[in-house]
Amino acid sequence: MTQPECDEDAVVAALTALIDQRLDFQGLHRVLQDRCLYAAEAERLAHANIDLLREQGRVGAAEFLAHRWSYVERSRATSVAEVFADLARSAIGGYGILLPPSLHPEMLDADAASDALFRHNAPDDGLTDAVIERYDAVLRHPDFATANGPARAVVLNNFVVALANGRPVTRLGELRRAHRLIVDAVASAGPEPGGRDRCQSTLGDVAYSLNEYEADPRLLTQAVSALEEAAEAAETGTPLRRARAGRLAGALRGAYEALGDVAYLQRAIAIQTALIEEHADPYGEANLAYSLRDRFHHFGVIDDLHRALAITSRLAENESLAEDTAAFVASTYGNCLESLRAIDHDPAVTDRMVAAYERAAEVPPETVPLPVYLRYQNNFAGGLSMRAVERGDGTAGADLDRAITLHERIRELTPVEMTEWPRFVNALAAELVLRYESRHDRADLDRAGELLAAVLAAAPPPLIEQVALNNSARTAQHRYELTGDDADLRDGTGFYRRASVSRNADDVTRLRTQHVWSVWAFGRSSWAEAAEAMDLMLDTVAGLLGRQSSRRHREQILQASQGLSSYAGYAWAREGDPRRAITAMERGQNLLARQTLHRPQQAEDTGEPEGPTSDGDAWFVYLAATDAGGVAIVTRPQRQDEPTVVWLPTVTDRRLNALISSYLEHSRADRQQFAHRLDGALGSIGADLWRPLRPALDGCRHVVLVPCGLLSAVPLHAAWWPDPAGRRVYALDERLVTYAPNREAYRRARTAANGDGDLLFVGDPQHRGSAPLQLSDREAQAATRWFPGATVLDGARASAAAVRAALPGHSVVHFSCHAYADLATPGTSALMLAGSDTLTVDELLAAKMDGTRLAILSACETGLPGFTLPDEAISIGSALQYAGCAGVVASLWSVYEGSTMLLMRRFYDLRHGGGLEPAEALRQSQLWLRDTADRDIVSAYPDLASGFTNPGPTRSRSGVLHWAAFTFTGA
């Protein structure tokens, strides 16, 4: 191959400038690389510059360069760029000019040993011993003290690099010596480029490494300061600048982990992002992912975690990575999967996490520093213990035992002074607690307590302290359960409280701690303590939700807080403070709905009326079910007295789940079984809930129910009980029963509840694959007769685009179509429109309907909420309310078309012909449909006679499936 032409004049000029101390080493190296010089020119250029040095009278430098060239020739270097970079560092630019000639032989020996070590390309004890011996000879030489500062700095820097990085396992004494020497080197170095900044770069690395052993925050701030100066001194855009900036980012992240100041982490991410935009490399990308994952834990922003996962999952597929880089990528990928597991609860994620951690743990120990190697082993052990907890099967014990064995070995290898010692020992203690929970060996619990006491006594970094406090609380909790000793109880609650209020901890970890604490306190009937823990949870959830960028991410956060409103309200009620109970229930419901649906923050409710007309004549009843039983809290309009608390001992979570499951499982398949099971469930709810509640509602004409959790899926207005004569009485027989997600939403609806102006009617869009709605046109006639200028979109005209465009600006919207509720992912529940179009909950939430008085959803399951987030009660109907509709009529199951058409016909007549408010018009229509004989229906609506066969005294629509499906929410 033809070699590129050598620009000899440029190289000689660069070397001459360097000799005159006008060019830095990196500048020379860059010139040499740019000129593409090869070994064929190296010898001639070397001798030319030796001659030049002699001509200038710099005999010592010339002789050293000649000796050095002889050594380089023997090393068989093939690139003149490599040769002259070496010469520039050691001969021309450093001690070759500035050290006394008497030191040259010792320096040549030291350099030869150092080069041998780094050409070995792996840590080596024997080679490192040789380097230390030869550099010590230089430092002991009597003439070393006569060298000027910059020369001593260069020698010390080169020595420190070998001292700090040469061994497979760093010796703490040598690392401390390296730190002392490099501090001296920085003090000795002059301001010339390539001198002080090189020493500062080495100081940053050594201080950071020493902190891994000594956990001294001062070392981290020293590392950050030194690397900042070193990075600033390097020329922008060069590999040297990128390398130093990357190490600075690592030191900043370490400072965050040790000091808890998120400003360090934010700077690290900014630097790492800029580096990747300039020049992406796998190690730098993995470092960015690691920092993003840390920021997720600090702020709880799920976008950060997903970015980190995208980076590491891609890098993990790269089989050409160097061994140490591949291990770091695998470890970071495992870290990200561990964080995902905490919010997704997917066993498949756990298996991927363990596999990633195992890949990292297989790295040969001699290829990475000891703290890094131990960290990989710790992650793998932690992954095994997490999998053991999740599986709980025959393999769980083996995983947990293996994890404990690994951590015992890690503890043996970890000096107590090492930064990671508290982390590793805390992890071992946590695994011992887990094993105690499965095998109940008191020795495991006692040892865990001893280890955790040692960790907390060591004043660990804030993030480790948080986890250690949590584990200490669990340990004390188990001791209390064994002994009943009040001291253990005080310890447990004290640890939980400290961990729950710590400002140094990340919100994700803090939320888990608060949840565990609240469950323990609730189970002990320690109501004030449980309420305290759950109020803290509400604070934490609010902060986490406010930082998410999408509704999907907010829903992931909400998974951890389902039931919070019910349990917090119940605890405060048991504590004898019903106003705070209402505040907690309102706050929980308001918080979740507002954050999920972008509603502005409002003042919290205290159970007191805001003004004489804020709630009208409505009484409010807050309903909650917990493991300990249920509670109803009643507030009356225009009253300042204490809310009334009604205990519902048989309304438990478990019973409610069983009741709902008993009928919903048949709702789409076996209508007869569905009707039978639903009727039975409503009888049970009448006995369990309404019977104890009714005395507290004496004199109430309109009650607004605020049901928490799964109670929002139950048609409470249709619950029944027998009167003294054995006749059924339904809840809506005695009073108007409406619903609201919270008091704030009801008040907002009352404010927005203006008169009916115009109508948008969407009728029988003939969705592909769905049966035509034979009676939709009759429904349209019933509605449009009261709105002469109504907008009607039917058939093919009812496309999603047309409906979305028409929704704003109408005071009444009526859908007569097919719909479905997705109970697992309620955001995809939808109205089925023309062709294959749909209008989902997610899309309806974005609609602008603040001027809409009423939305009527005459379709199946439009009010049935999803069960994954029951506190949110996300449904098609709730989406329209949160989009701005003052009142919404929606259904809780798949309805009969004929009965629905009759109900809607009667509703419009009572609303517009009878002047009733929408909620009362719906109630009267339901009573009419239930109680009216077929012949009387035909008499009232002769045009509907064809829908009845031999209409007589029979009430064919009296079954609950015919009349009770529709609810009214809002005002």
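Small disclaimer: the values here were computed from a predicted structure and weren't measured. (Residues numbered from 1 in each chain as written. Predicted model: local features only at pLDDT ≥ 70, side-chain atom pairs only at ≥ 80, totals over all residues. Heavy atoms only, no water.)

Draft legend 1. Molecular detail of empty space enclosed by the protein. Tallied over the full model, the rule gives 7 cavities of 30 Å³ or more. If you add up the space inside the largest cavity, you get close to 330 Å³. Lining the largest cavity are 23 residues, and of these Ser712, Tyr739, Ala873, Ser878 and Thr969 sit closest to its centre. For the lining of the largest cavity, the secondary-structure elements that each account for two or more residues are helix H37 (876-882), strand E15 (887-891) and strand E16 (966-970). With 4 residues, H37 is the single largest residue contributor to the lining of the largest cavity. (1 Å grid on protein atoms, 1.4 Å probe; cavity = no way out; pocket = protein on both sides within 12 Å on 5 of 7 lines; lining within 4 Å. Points joined across faces, edges and corners; volume = space filled by probe spheres on them. Helix = DSSP H or I, 4+ residues; strand = E, 2+ residues; numbered from the N terminus.)

Draft legend 2. Summary view of the sheet that holds strand E13 (residues 838-840). An order of E11-E12-E13 is seen for the 3 strands of this open sheet, with the pairing classed as antiparallel. Lying at the two open borders of the sheet, with one neighbouring strand each, are strand E11 (818-820) and E13. The mean angle between the axes of side-by-side strands here comes to 20°, regardless of whether they run parallel or antiparallel. With 3 bridges joining them, E11 and strand E12 (residues 830-832) adopt antiparallel strand pairing. (Pairing = 2+ DSSP bridges. Axes fitted to C-alpha atoms, helices over the stretch in contact; angles between N-to-C directions.)

Draft legend 3. Region of the structure containing unusual backbone geometry. Residues other than glycine seldom take positive phi values, yet His440 does so here, at roughly 60°. Overall, the relative accessible area of 57% leaves His440 in the exposed class. At Asp764, a position not held by glycine, the phi torsion is positive, near 30°. Residue classification places Asp764 among the buried residues on the basis of a relative accessible area of 13%. (Buried < 20%, exposed > 50% of the residue type's maximum accessible area, 1.4 Å probe, protein only.)

Draft legend 4. Structural view of helix H16 (residues 302-316). The terminal C-alpha atoms of H16, which comprises 15 residues, lie 21 Å apart, in line with the 21 Å expected from a rise of 1.5 Å per residue. Among the residues of H16, Ile302, Asp304, Leu305, Ala308, Leu309, Ile311, Thr312 and Leu315 are the ones counted as buried. (Expected span 1.5 Å × (residues − 1).)

Draft legend 5. Expanded view of the environment of Tyr436. Examined against the element boundaries, Tyr436 turns out to sit in helix H21 (residues 421-439). The sequence separation of Tyr436 and Thr475 amounts to 39 residues, and the corresponding C-alpha distance is 9.6 Å. Other than its neighbours up to four places away in sequence, Tyr436 contacts Asp441, Arg442, Asp444, Leu445, His478 and Leu482. (Contact = heavy atoms within 4.5 Å.)

Draft legend 6. Local environment of the packing of H16 against helix H17 (residues 323-344). Running from N to C, H16 and H17 point in directions that differ by 140°, and their axes come no closer than 9 Å. Regarding the angle of H16 to H17, the classification is oblique. Between H16 and H17 lies a crossing of left-handed hand. Residue-level contacts link Ile302, Leu305, His306, Ala308, Leu309, Thr312, Ser313, Leu315 and Ala316 of H16 to Val329, Thr332, Tyr333, Cys336, Leu337, Ser339, Leu340 and Ile343 of H17. Its residues placed into classes, the contact of H16 with H17 shows 12 nonpolar, 5 polar and no charged. (Parallel < 35°, antiparallel > 145°, perpendicular 65-115°, else oblique. Left-handed = near helix turned anticlockwise from the far one by under 90°. Nonpolar A, V, L, I, M, F, W, Y, C, P; charged D, E, K, R; others polar.)

Draft legend 7. Layout of the pattern of salt bridges. In total, this model carries 53 salt bridges according to the counting rule given. Where Asp491 meets Arg479, a salt bridge forms, and the shortest distance between an N and an O atom there is 3.8 Å. Of this pair, Asp491 sits in helix H24 (residues 486-501) while Arg479 sits in helix H23 (residues 462-483); the two residues are 12 residues apart in sequence, bridging distant segments of the chain. The partly exposed category is assigned to Asp491, whose relative accessible area is 35%. Residues participating in the shared-partner salt-bridge network are Glu212, Arg375, Glu420 and Arg423. (Salt bridge = Lys/Arg side-chain N within 4 Å of Asp/Glu carboxyl O.)

Draft legend 8. Spatial organisation of the packing of aromatic side chains. In this structure the tally under the stated criterion is 18 aromatic pairs. Relative to Phe328, the ring of Tyr283 lies with its centre 5.0 Å away and its plane at 40°, an arrangement referred to as tilted. Of the two residues, Tyr283 sits in helix H15 (residues 282-299) while Phe328 sits in helix H17, which places them 45 residues apart along the sequence. Relative accessible area serves as the criterion here: at 41%, Tyr283 is assigned to the partly exposed category. Judged by relative accessible area, Phe328 falls into the buried class, the value being 10%. In this structure an aromatic cluster arises from ring pairing among Phe522, Trp527, Tyr567, Tyr570 and Trp647. The lysine or arginine in question, Arg671, covers the ring of Tyr896, its NZ or CZ lying 4.8 Å from the ring centre. Positioned above the aromatic ring of Phe620 is the side chain of Arg743, whose terminal nitrogen or guanidinium carbon lies 4.5 Å from the ring centre. (Phe/Tyr/Trp six-rings, centres within 6.5 Å; stacked < 30°, edge-to-face > 60°. Lys NZ or Arg CZ within 6 Å of the ring centre and 35° of its normal.)

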